[in-house]
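# Close look at the chain arrangement
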Amino acid sequence: MKFSMTENGFTGDLPFGELAVSTNEEHGFRPYQLLVASLAVCSAGVIRKVLEKKRMPAEDIQAEVKEVIRIDEEAGRVSKVHLHFIIKGDIDETKMERVMELTRKNCSMVRSVENSIEVVETYELV
């Protein structure tokens, strides 16, 4: 992966296209947005795999970022992210606590930040 400087940030040529990153939202994704998106999508993907292995495939999963707390005094460091998953399908509610435990254990992005960012994960079944 390689990023090159542009007038307003950086651009990366990635396998699925160009990614513009900038501290100015008008010129690209902000770095913290990419961090939060990585946490949300990684967790949702693991939930999907765990549900499939438990023979309860989801029809749909939506990941909603309910809250992002940043600390201005620490260069805008992300200190907390609340992710809420809306899961559609024939899912056994009694197995969801274990599904969420396995998700936290197997999501590489959440594991990467576990000692520096509080990640709260909630869900609802629809």
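My aim in this report is to walk through the structure given alongside it, one point at a time. Quick caveat, the model's predicted, so the values are computed rather than measured.

## Some thoughts on the overall build of the chain
- Summing up its helical and strand segments, the chain has three helices and six strands in all.
- In sequence order, the secondary structure elements of the chain are arranged as β-β-β-α-β-β-α-α-β.
- Here the C-alpha coordinates of the chain stretch approximately 50 × 35 × 25 Å along the principal axes.
- A burial count over the chain gives 32% of its 126 residues as buried.

## A word on the pairing of strand S3 (residues 17–21)
- In this sheet, S3 lies alongside strand S2 (residues 10–14) in antiparallel orientation, the contact comprising five bridges. Along S3, the bridge assignment pairs Thr-11 with Ala-20.
- Hairpin remark: S2 followed by S3, antiparallel, with two residues in the connecting loop.

About the thresholds
Residues numbered from 1 in each chain as written. Predicted model: local features only at pLDDT ≥ 70, side-chain atom pairs only at ≥ 80, totals over all residues. Heavy atoms only, no water. Helix = DSSP H or I, 4+ residues; strand = E, 2+ residues; numbered from the N terminus. Buried < 20%, exposed > 50% of the residue type's maximum accessible area, 1.4 Å probe, protein only. Pairing = 2+ DSSP bridges.

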